[in-house]
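Commentary on secondary and tertiary structure
The residues making up each chain are set out below.
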Amino acid sequence: MIRVNAIHPLLQVERGTLSGAKCRLLNRSSKHIHQRCAASVLTWACSHCAPVSVTPYRQYRSKAHSSQLTLAQMNRILKANEYSYKVHEYDGRNVSSVLGFDSNLLASNVPVEDRRSAATCLQSRGMLFGVFDGHAGYACAQAVSERLFYYIAVSLLPLKTLIDIEEAVENKRPVFPILHWHKHPNDEVNTAGGKLYFSSLRTYWRELIELAGGDQTGTEAALANAFKRLDNDISLEAQLEHRDPFSQYTPLRVAISGSTACVAHVDAVDLHVANLGDSRAVLGVHNHDGTWTAQTMSNDHSAQNPEEVKRVLSQHPKSEEKTVIRHDRLLGLLMPFRAFGDIKFKWSSGLQNSVFETRAELLSGIESTKSLLTNYHTPPYLTAEPEINYHRLRPQDKFLVLATDGLWEQMHRQTVVRVIGEHLTGIRLHQPLSGLSLTLGQMHILLAERKAWVSSGFDHHNTATHLIRHALGSDEFGKVEHSRLSKMLSLPQELARMYRDDITVTVVHFNPQIIQAHYKG
């Protein structure tokens, strides 16, 4: 996600065609509206970057018609990063409330700024799922996707287990893993920060031992503590020297970039969702009448949330009321009001000047570090404290969708749940026609649609892939058009970001039998 115009200014053209006497160009990073006459090449510039030239979509569209992607090509693109995992059964029975999950990531930015994670807690209980949307680069999202679950797992461990782990590390004995990761081979892995990351994590669990807080911490407190502690460690690490100034993962670069996070912890019938920013979690509920309902499990932390605006304004003097939020952005620049990293919105002026001046070699090409943000008077303006929602799972709760805002920009949450629900129940393929009030013509159309669906050539097994396919290719009637999907998947690199963001989706499938048994027990 490109959000800070001081770092990555980009154009977005409202969905449609770049044609006509005038084009309404929307700078996605600052939401400034520009009116420019359309010509063969549209040029845009801002105070932070060189002019950007954009070839009109009409030229690309004419090329796309002559080289439309085949079904096999579309499947290959859509399935490149898909991942599915089924929870193992014990003695022939699945004893987890989670049946498994499907996940996928479709890039728009180059390099992609979204990340995802999934893991089983081995020394505590439950499973963790998360999606992370980076901005001003991918470094922070990468670090958070690799580190946050360890902080959560450590926060959930009982005191005795923490002591056993510390004694094993101190005496250089093997330590039993605390997480079992579920990763796609294409998921990025950063090995450069291993020692530093482990050192910070160990310091954290030592403090938990000293405070003897492990046994008293509930899941909600553990999630909140893990989020805040990781962000604090990212900030502290950025103030240290680093021996490889050219690495994209230097602590300072991680801290300057930022990331939202939406994380779910599932333990038996207890579902906790911890959220920072504008990624979302939605629960798919199957009603008794066969319909589907989308139950919101997270709130956006942006200018579109009045409660969040009230919270931000309450933390700063009345004199800053008109400058803290401008153009629906924090200080006129940042869309999410909660995020990891983004030290430009958190550090004091003195600390920024001290670190940035003495570490100039690490900041080559990052223009935003050359001066303080405008109207920067009473930091911090940004927090990494998550909003946490709890839900007790019921047999009718069939799945949970975690997705970055690239999906929600394309689909309403109710549509998301309906598309997955119908996919899982096979309504489009298996619903008897005898119970429907259809004319002969309507019945013929429905049968033809089902036949086309079966013979479409699309692989429908992964629900996350199914959802992305609908998000990009559905027409106004909810049917996937091959030509529409082909255009969205074959947009040139320099144009793709104008029509969609990175899209990352994880669909967690629940086990209704185990959930029902829990209530009976």
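What comes next concerns the included structure. (Residues numbered from 1 in each chain as written. Predicted model: local features only at pLDDT ≥ 70, side-chain atom pairs only at ≥ 80, totals over all residues. Heavy atoms only, no water.)

Attention now goes to helix α2 (residues 71–79). Among all positions of α2, only Met74, Asn75 and Leu78 are buried. Buried residues along α2 cover an arc of 100° about the axis, so they all sit on one side. Where α2 is buried, its residues touch β7 (98–106), α14 (463–473) and α15 (482–489). (Buried < 20%, exposed > 50% of the residue type's maximum accessible area, 1.4 Å probe, protein only. Helix = DSSP H or I, 4+ residues; strand = E, 2+ residues; numbered from the N terminus. Arc of directions from axis to C-beta. Contact = heavy atoms within 4.5 Å.)

Okay, the sheet that holds strand β19 (residues 397–403) next. Overall, antiparallel pairing links the 6 strands, which are arranged β6-β7-β20-β19-β13-β14 in an open sheet. The open sheet has two edge strands, β6 (83–86) and β14 (292–296), and neither has a second partner. If you compare each strand with its neighbour and ignore which way they point, the axes differ by 15° on average. As paired elements, β6 and β7 share 4 bridges and run antiparallel to each other. Looking across to β7, one finds that Lys86 is bridged to Gly100. (Pairing = 2+ DSSP bridges. Axes fitted to C-alpha atoms, helices over the stretch in contact; angles between N-to-C directions.)

Quick look at the packing of aromatic side chains now. With the rule as written, the count across this model stands at 12 aromatic pairs. Through pairs of rings, three or more aromatic residues link up here, namely Tyr83, Tyr85, Phe101 and Phe129. Above the ring of Trp181, the side-chain terminus of Lys183 is found at 4.9 Å from the ring centroid. (Phe/Tyr/Trp six-rings, centres within 6.5 Å; stacked < 30°, edge-to-face > 60°. Lys NZ or Arg CZ within 6 Å of the ring centre and 35° of its normal.)

Axis separation between helix α3 (residues 139–156) and helix α5 (residues 194–211) bottoms out at 10 Å; the angle between their running directions is 20°. It follows from the interaxial angle that α3 and α5 lie roughly parallel. In this structure, the crossing between α3 and α5 has a hand that is right-handed. Each of Ala143, Glu146, Arg147, Tyr150, Tyr151, Val154 and Ser155 in α3 lies in contact with α5, whose residues at this interface are Tyr197, Ser200, Leu201, Tyr204, Trp205 and Leu208. In terms of residue class, the contact of α3 with α5 is made up of 9 nonpolar, 2 polar and 2 charged. (Parallel < 35°, antiparallel > 145°, perpendicular 65-115°, else oblique. Left-handed = near helix turned anticlockwise from the far one by under 90°. Nonpolar A, V, L, I, M, F, W, Y, C, P; charged D, E, K, R; others polar.)

Okay, the nonpolar core next. Inside soluble globular proteins, nonpolar side chains tend to come together where they are buried. Core analysis: the biggest nonpolar cluster contains 51 residues, and Leu148, Phe149, Ile152, Leu179, Phe227 and Phe340 have the highest contact counts within it. Sort the elements by how many residues they give to this core and α3 lands first, with 12 residues. Discounting chain neighbours no more than four positions away, the residues touching Phe227 are Leu148, Ile152, Ala261, Val263, Ala274, Leu276, Phe340, Ala384 and Pro386. Counting 34 residues, the second largest nonpolar core, distinct from the first, contains Leu106, Ala294, Ala403 and Tyr499. (Core = buried A, V, L, I, M, F, W, Y, C linked by side-chain atoms within 4.5 Å.)

The side chains of a regular strand alternate between the sheet's two faces. Counting buried residues in strand β9 (residues 127–135) gives 9 out of 9 residues, a clear majority hidden from the surface. Here β9 shows two buried faces, one formed by Met127, Phe129, Val131, Asp133 and His135 and the other by Leu128, Gly130, Phe132 and Gly134. With 7 bridges joining them, strand β8 (residues 114–121) and β9 adopt antiparallel strand pairing. Paired with Arg115 across the strands is Phe132, a residue of β9.

Once that is clear, we can look at empty space enclosed by the protein. Taken as a whole, this structure holds 3 cavities of 30 Å³ or more when the rule is applied. Considering only enclosed or pocket space, the largest cavity measures out at about 70 Å³ in volume. Sorting the residues of the lining of the largest cavity by element identifies β7 and β8 as the ones contributing at least two each. For the lining of the largest cavity, the leading source of residues is β8, giving 3 residues. Across the lining of the largest cavity, the residue classes break down as 3 nonpolar, 5 polar and 3 charged. (1 Å grid on protein atoms, 1.4 Å probe; cavity = no way out; pocket = protein on both sides within 12 Å on 5 of 7 lines; lining within 4 Å. Points joined across faces, edges and corners; volume = space filled by probe spheres on them.)

This brings us to the packing of α3 against helix α6 (residues 219–237). The geometry of α3 relative to α6 is characterised by a closest axis approach of 8 Å and an angle of 135° between their N-to-C directions. In terms of their interaxial angle, α3 and α6 are classed as oblique. Here α3 and α6 pass one another in a crossing that is right-handed. Along the contact surface, α3 presents Val144, Arg147, Leu148, Tyr151, Ile152, Ser155 and Leu156, while α6 presents Thr219, Ala222, Leu223, Ala226, Phe227, Arg229, Leu230, Asp233, Ile234 and Glu237.

Throughout the structure, instances matching the rule amount to 19 salt bridges. For Glu82, the salt bridge is made with Lys79, and the minimal N-O distance between the two is 2.6 Å. Between Arg311 and Glu308 there is a salt bridge whose closest N-O contact spans 2.6 Å. Here Arg311 pairs with Glu308, and both are found in helix α8 (residues 306–314), just 3 residues apart, close to one helical turn. Neither residue differs from the other here; Arg311 and Glu308 are each classed as buried. Ionic contacts of the salt-bridge type, sharing partners, join the residues Glu166, Glu170, Arg202 and Arg206 into one network. (Salt bridge = Lys/Arg side-chain N within 4 Å of Asp/Glu carboxyl O.)

The next subject is the environment of Ser483. When you line up the elements, Ser483 lands in helix α15. The sequence separation of Ser483 and Leu69 amounts to 414 residues, and the corresponding C-alpha distance is 8.2 Å.

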